[in-house]
Amino acid sequence: LDGSAILFVSKIKEVGVEMQSEKRRYISFKRKKIKVVDKNTGSSLILLPDDDFSIQNHIAFDSILLRKQDASLDRLSDFPKEIAASRTFVFVREIEPLLYHDLAKGGDLDNAIVIYDKPIAQEDFDRLADKMNVKRRNASKLGYIMNKPLLFPNEPARHKLLDVIGDLALVGYFIKGKIIANCPGHAINNLFARAIRQEIKEPVFC
């Protein structure tokens, strides 16, 4: 795929959907705030009471190309247009350890946002290019080096929001509430989903 969810959305639209008789199951916490915090990283996720589902997401990195970004989703119906096409991202400095551990075999310049923000030696840059079977580049030029340019100025933040939605699907219910995510990641998203499940009493059918 291309590192996003857009192909899943496209295929679902292609075959269509069928209305079913079973009612949707929603969960909400009218008088309760659910919060998880990673004290080591400062990451946090909060679920606030609300009548609808929405997410506000903030990310921050020690990078000249990707410092702070925000993204939001006010209605789940906006997901196909605003969030689904946002690709995952990786820093070049993270790629070599992944390849060393025999990971990221499917990664290339077509299925991720690749951020080259800290110069490395030309020979090391060439070695990475050769391992990934991509064209060698000038190691002195920093920037986004994937084949397809950014779809949105804040595409990385949108993809992290996409991750939150995907990970919270593990809760097993539609959620009514406002989520505020600060530097989320799969690990803390998983803890957040577990925390929500622990608070579930009886889902509401709608």
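Report on the accompanying structure. What you see as residue numbers is a count from 1 along each chain, following the sequence as written. A pLDDT threshold of at least 70 governs which residues receive local features in this predicted model, and a stricter bar of 80 or more applies before side-chain atom pairs are shown or counted, although totals over entire chains, interfaces and linings include all residues. Excluding hydrogens and water, the side-chain values take into account all heavy atoms of the structure.

1. Here we look at the side chain of Asn189
Piece 1. By definition, any uninterrupted DSSP run of H or I lasting at least four residues is a helix, any uninterrupted run of E lasting at least two residues is a strand, and each is numbered from the N terminus. Note on placement: Asn189 falls in helix 6 (residues 186–199).
Piece 2. Take Asn189: its relative accessible area is 1%, and that puts it in the buried class.
Piece 3. In this analysis, two residues are considered to be in contact whenever any of their non-hydrogen atoms come within 4.5 Å of each other. Residues within four places of Asn189 in sequence aside, it is in contact with Leu45, Asp163, Val164, Asp167, Leu168 and Pro184. When accessible area is computed with a 1.4 Å probe and restricted to protein chains, residues below 20% of their type maximum are described as buried, those above 50% as exposed, and intermediate ones as partly exposed.

2. A few points about the pattern of salt bridges
Where charged atoms from two side chains of opposite charge approach closely, those side chains can pair.
Piece 1. Should a side-chain nitrogen of Lys or Arg be within 4 Å of a carboxyl oxygen of Asp or Glu, the pair is scored as a salt bridge. Taken as a whole and assessed by the stated rule, the structure comprises twelve salt bridges.
Piece 2. Arg93 is the salt-bridge partner of Asp117, the closest N and O atoms lying 2.5 Å from each other. With a gap of 24 residues between them, Asp117 in the loop between strand 7 (113–116) and helix 4 (122–131) and Arg93 in helix 3 (residues 92–100) connect regions that are remote in the sequence.
Piece 3. Note on Asp117: relative accessible area 5%, which makes it buried.
Piece 4. Among the salt bridges present, the one from Asp126 reaches Arg136, with a minimum N-O distance of 3.7 Å.

3. Comments concerning the pairing of strand 4 (residues 53–60)
Piece 1. For two strands to pair, DSSP has to find at least two bridges joining them. When strand 4 meets strand 9 (residues 174–182), the two strands line up parallel, connected through six bridges. Bridge pairing links Gln56 to Ile180 in strand 9.
Piece 2. Taken together, the six bridges between strand 4 and strand 5 (residues 68–73) define a ladder with antiparallel strand orientation. The partner of His58 across the bridge, within strand 5, is Asp70.

4. Re the sheet that holds strand 6 (residues 89–91)
Piece 1. Across the sheet, three strands lie side by side as 6-7-8; this open sheet has mixed pairing. Sheet topology places strand 6 and strand 8 (143–144) at the edges, where each strand pairs with a single neighbour.
Piece 2. The pairing of strand 6 with strand 7 spans three bridges and is classified as parallel. What sits directly across from Val90, in strand 7, is Val114.

5. So, helix 4
Piece 1. Where helix 4 is concerned, the buried positions are Phe125, Asp126, Leu128 and Ala129. For helix 4, the buried positions fall inside an angular range of 160 degrees around the axis, keeping them on one side.
Piece 2. Taken together, the buried residues of helix 4 touch helix 3 and strand 7.
Piece 3. Backbone geometry just after helix 4 places Asn133 at a positive phi near 55 degrees. What the arc describes is the spread of directions from the helix axis to the C-beta atoms.

6. Focus: a nonpolar patch on the surface
Piece 1. Patch membership needs two things, relative accessible area over 30% and no salt bridge, and members are linked within 9 Å if like-charged or within 5 Å if nonpolar (Val, Leu, Ile, Met, Phe, Trp, Tyr). Residue-level accessible areas treat just the shown protein chains as cover; the underlying method is Shrake-Rupley with a 1.4 Å probe. A surface patch of nonpolar side chains, amounting to about 340 Å² of accessible area, comprises Leu1, Leu7 and Phe8.
Piece 2. Along the polypeptide, Phe8 turns up in helix 1 (residues 6–15).

7. Regarding the packing of helix 5 (residues 155–168) against helix 6
What describes two packed helices is the angle between their axes and the distance between those same axes.
Piece 1. To obtain each axis, a line is fitted to C-alpha atoms, and for helices this fit is confined to the stretch in contact; angles are then taken between N-to-C directions over 0 to 180 degrees. Between helix 5 and helix 6, whose axes approach to 9 Å, the crossing angle comes to 40 degrees. Put simply, helix 5 runs oblique to helix 6. Along this stretch, helix 5 crosses helix 6, giving a crossing that reads as right-handed. Contacts between helix 5 and helix 6 pair Asp163, Val164, Asp167 and Leu168 from the former with His186, Asn189, Phe192, Ala193 and Ile196 from the latter. Convention used here: angles under 35 degrees read as roughly parallel, angles over 145 as roughly antiparallel, angles from 65 to 115 as roughly perpendicular, and any remaining angle as oblique. Handedness of a helix crossing follows the sense of rotation of the near helix relative to the far helix, less than a right angle counterclockwise being left-handed and clockwise being right-handed.

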